[in-house]
Amino acid sequence: MKKRIAIFLTIILVPLSIIGQYQIEDSNDLKAFEQIPKETVFLHHNDQLLVAGEYLYYKMYCLNILNLAPSAVSKIGYVELVGANKKVVFRHKIQFINGVGQGDFFIPATISTGSYKLIGYTKWMGNSERDHYFISDVFIVNPFQELLTDVTENINSSKMVDTSSIKTKIPNDEIVSIKIELQKNIYQKRSPVLVKIITENDISEGNYSVSVRKMYGLIRATRTSATTFASDIVRKPKSPTLKIKDTILLPELRGELFSGQVVSIKEGNPIPGEKVALSISGKPAVLRLTNTNKNGIFFFSIDEPTRNNNAILQNLGSDETEIILHKNLQVDYGALEFENLNLTDAINPIILERSMYNQIENAYFEQKKDSLLATDKSLPVYQNLAENYVLDDYNRFPSIKETVVEIMPDVLLRKIKKEYRFQVRTNDTFLMDKDENPLVLVDGVLVQNMDKLINYDVKKIERIGIGRSEYYIGTDKYQGIVDISTKENDFWNASTLQGATEYEIPAPLSKKVYYFQNYGQTEPSNTDYSRIPDFRNQLLWKPDFELNEDESLLTFFTSDNTGTYEIVVEGFTNSGMPISAITSFEVE
């Protein structure tokens, strides 16, 4: 299936006109698009009522809309929190790996009390009706701000119902059974809880997430489970039929998809056949080269798992042009309807306690912080350079030209046709061809005008790496590589680069390993947790839980925050069966 999709997109990506959009030209295009599977998304989030100072955690499932198996189409998803004023509070990019991703958002003290919508979608879903987007109610209380609207009363809900054993009929008429078992129903503070998750079917292969959180019963909000979501998908309208000349959004099959246009500064006309470079500094550095089409449009796809947010776009052709980056997809939320946040005066002590506990927990953030997963830091252009020269290991020379001459054999920096150029003797050549240029990077950014580099303070350069092989970026060949790293990463100012424009292109969220409080005999650090307050109401958030064939074990520890807690398991098997289970216990 992935191979077929790749073939289709090879056909259709060439005539891209505006960001992520394409006009279906003929029956071949139409047939290609119709064979790309449609998709939907499901979000499992930790709570629907949050207080300023807490985290909204979520896991995003990207699914084939026909069978709810993991989607092989989109590699990027989008999660937004929208207020009743229709303004977006945050917009996250989520990278999918095997159809799943994760994220979180800290609720700041600047956010207003009220009703919000948590929305998930992919760009490929933009061709369907908006009701295929995942939409869930989220209510936020900010005790640091006075309410701007009247608060009406609502009957306070009581303790949750124990539905630990759930059997659900899903769209393909299969019955899935999953049960959560606890050793007891009441636990003491800071004690271990051992959970058994038992399945009656062979459903171990799939993606699952677990939340263990205190329930306050302050609102009547209906939580969307994976099984409810699966049943609702059947009743939702199908996507509209595509027609020739329709304009559609392209799927982000290989990574983040964006585009722009090169136009003449004087006339504003599009310039075809111009070479455009995309550079993003950092580790990993990102470098892409492409040409504009007949309409002056260029296209880039970025698939690096982690990167910086600032990108430099350079027109490597004429100086009399400018680059215009197309805008991102903006979803129209005008038709959204928001529930009233109905609270009673009786909840004030509960909100006060919850806010106080949050402040205590945040005060000890350094002892309980999450960690980022390690990622590959190598550059995509090459894995290792043949030679690396750390300049502080040598006598410092007053200019970069003298530095190259004195310490780097078979590397030249000389004027050719009134322009400075590097030349690198490759492994299989004796003479250097003056018409062949190496790829020159400074802090990961392509540099074509060496005059700026010649005048740069060589004392600020930390390292120069040399590669002596031929390198290809797309169809462009380079005779070796000169890779320069500065000490302060201060060279790549867009104003110093010919035909360059700097843009902010937010990166996908980095994947995290969430904090786990361990009161066992073997603690993860030398910290004496007996002297640290523990008022967690989120005892566990595990977005990458794995189910075994018959029985799976899960362990976590309670805190000093007493009350009723619920364990929620959500997910989908690789064959598209939804998994949902919930149970509760007490901490006293």
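One can find the structure itself at the top, above this paragraph.
All values derive from a computational prediction rather than experimental measurement. (Residues numbered from 1 in each chain as written. Predicted model: local features only at pLDDT ≥ 70, side-chain atom pairs only at ≥ 80, totals over all residues. Heavy atoms only, no water.)

Peer 1: Would you take a moment to explain the side chain of N207 for this structure?
Peer 2: Mapped onto the elements of the fold, N207 is located in strand β14 (residues 206-214). Under the relative-accessibility criterion, N207 is labelled buried at 16%. (Helix = DSSP H or I, 4+ residues; strand = E, 2+ residues; numbered from the N terminus. Buried < 20%, exposed > 50% of the residue type's maximum accessible area, 1.4 Å probe, protein only.)

Peer 1: Looking at this structure, I do not really get the pattern of salt bridges. What am I missing?
Peer 2: Side chains that carry opposite charge are capable of pairing whenever their charged atoms lie near each other. A complete count under the given rule lists 30 salt bridges for this structure. E54 is paired through a salt bridge with R213; the nearest N and O atoms lie 3.0 Å apart. Of this pair, E54 sits in the loop between β3 (49-51) and β4 (55-64) while R213 sits in strand β14, and the two are 159 residues apart along the sequence. Judged on exposure class, the residue E54 and its partner R213 are both buried. Among the ionic pairs, E252 bridges to K123, the shortest N-O distance being 3.7 Å. Taken as a pair, E252 in the loop between β15 (247-249) and β16 (256-264) and K123 in the loop between β8 (114-121) and β9 (134-141) lie far apart in primary sequence, 129 residues in all. Here E252 and K123 have matching classes, each one buried. (Salt bridge = Lys/Arg side-chain N within 4 Å of Asp/Glu carboxyl O.)

Peer 1: I keep staring at a negative patch on the surface and nothing clicks. Help me out?
Peer 2: A cluster of like negative charges, contributed by E181, E549, D550 and E551, occupies part of the molecular surface. Among the residues examined, E551 registers a relative accessible area of 37% and is labelled partly exposed. (Patch = residues over 30% accessible without salt bridge, like charges linked within 9 Å, V, L, I, M, F, W, Y side chains within 5 Å. Areas by Shrake-Rupley, 256 points an atom, 1.4 Å probe, with all protein chains shown as cover. Lys, Arg positive; Asp, Glu negative; His and termini not counted. Charge placed at Lys NZ, Arg CZ, Asp CG, Glu CD.)

Peer 1: When you look at the sheet that holds strand β18 (residues 286-291) in this model, what are you seeing that I'm missing?
Peer 2: Note on sheets: strands pair through backbone hydrogen bonds, and any given pair is parallel or antiparallel. In spatial order, the strands read β18-β17-β20-β30; together these 4 strands make up an open sheet with antiparallel pairing. Of all the strands in the sheet, just β18 and β30 (500-504) have a single pairing partner and so form its edges. The sheet shows a mean angle of 20° between the axes of neighbouring strands, taken without regard to direction. The pairing of strand β17 (residues 275-280) with β18 spans 6 bridges and is classified as antiparallel. Residue pairing in the sheet places V276 in a bridge with T290 of β18. (Pairing = 2+ DSSP bridges. Axes fitted to C-alpha atoms, helices over the stretch in contact; angles between N-to-C directions.)

Peer 1: Is there a simple way to explain the nonpolar core in this structure?
Peer 2: What tends to happen in soluble globular proteins is that the nonpolar side chains get buried as a cluster. Among the nonpolar cores identified, the biggest contains 45 residues, and F42, V79, L81, I107, L118, Y121 and F572 are the most heavily contacted of them. When contributions to this core are tallied by element, the ones reaching two or more residues are β2 (39-45), β4, β5 (76-83), β6 (88-95), β7 (100-106), β8, β9 and α3 (226-235). With residues near it in sequence (within four places) discarded, L118 still touches L43, H45, L56, V79, E80, L81, F90, F134, I135, S136 and V138. (Core = buried A, V, L, I, M, F, W, Y, C linked by side-chain atoms within 4.5 Å. Contact = heavy atoms within 4.5 Å.)

Peer 1: Teacher, can you tell me more about the pairing of β4 here?
Peer 2: Looking along a regular strand, one sees the side chains alternate between the two faces of the sheet. Burial analysis of β4 places 9 of its 10 residues in the buried class, which makes it a mostly covered element. Both β2 and β4 contribute to a ladder of 7 bridges, which runs antiparallel. If you follow T40 over to β4, its bridge partner there is L63. With 7 bridges connecting them, β4 and β7 associate as antiparallel partners. Residue pairing across strands places Y58 opposite G103, the latter belonging to β7.

Peer 1: Explanation requested: the environment of G103 in the structure shown.
Peer 2: Examined against the element boundaries, G103 turns out to sit in strand β7. G103 gets classed as buried once you look at its relative accessible area, which sits at 3%.

Peer 1: Teacher, can you tell me more about the pairing of β8 here?
Peer 2: Counting buried positions along β8 yields 8 of 8 residues, so the element is predominantly enclosed. In this structure, β5 lies alongside β8, joined through 6 bridges in antiparallel fashion. Its bridge partner being in β8, V82 is matched across the sheet by K117. Examined bridge by bridge, β8 and β9 share 7 bridges and lie antiparallel to one another. Counterpart to G120 in the pairing with β9 is F134.

Peer 1: Can you walk me through unusual backbone geometry in this structure?
Peer 2: If a residue is not glycine, its phi is most likely negative; likewise, a peptide bond is most likely trans. We note that K86 has phi near 70°; this positive angle belongs to a residue other than glycine. Here K86 lies in the loop between β5 and β6. Positive phi, normally seen in glycine, also occurs at R190, with a value near 55°. Within the fold, R190 resides in the loop between β12 (186-187) and β13 (192-199).

Peer 1: Looking at this structure, I do not really get the packing of aromatic side chains. What am I missing?
Peer 2: Working definition: an aromatic ring pair is given by the centre-to-centre distance plus the angle between the planes. A full pass over the atoms with the stated rule returns 25 aromatic pairs. Aromatic pair Y187 and F585: ring centres 5.6 Å apart, planes at 80°, arrangement edge-to-face. Taken together, the positions of Y187 in strand β12 and F585 in strand β35 (residues 578-587) put the pair 398 residues apart, joining distant regions of the chain. Here Y187 matches F585 in class, with each residue buried. A centroid spacing of 6.2 Å and a plane angle of 50° characterise the contact between Y389 and Y394, whose relative ring orientation is tilted. Taking the relative accessible area as the measure of exposure, Y389 reaches 9% and is therefore buried. (Phe/Tyr/Trp six-rings, centres within 6.5 Å; stacked < 30°, edge-to-face > 60°.)

Peer 1: Would you take a moment to explain helix α5 (residues 400-407) for this structure?
Peer 2: Note: α-helices contain 3.6 residues per turn, so residues at a spacing of three or four share the same orientation. Along α5, the positions that sit buried rather than exposed are I400, T403, V404 and I407. Viewed along the axis of α5, the buried residues span an arc of 100°, placing them on a single side of the element. In this structure, α5 carries V405 and E406 as exposed residues pointing more than 90 degrees from its buried face. Tucked inside the fold, the buried residues of α5 contact β23 (387-390), β24 (411-416), β25 (419-424), α6 (450-454), β28 (461-473) and β29 (476-486). (Arc of directions from axis to C-beta.)

Peer 1: Sorry if this is basic, but what is going on with the sheet that holds β4 here?
Peer 2: Reading across from one edge, β2-β4-β7 is the order of the 3 strands in this open sheet, with antiparallel pairing throughout. Single-partner strands in this sheet number two, and they are β2 and β7. Across the sheet, the mean angle separating the axes of adjacent strands is 25° when strand polarity is ignored.

So far we have only geometry, and geometry alone does not tell us how the molecule works.
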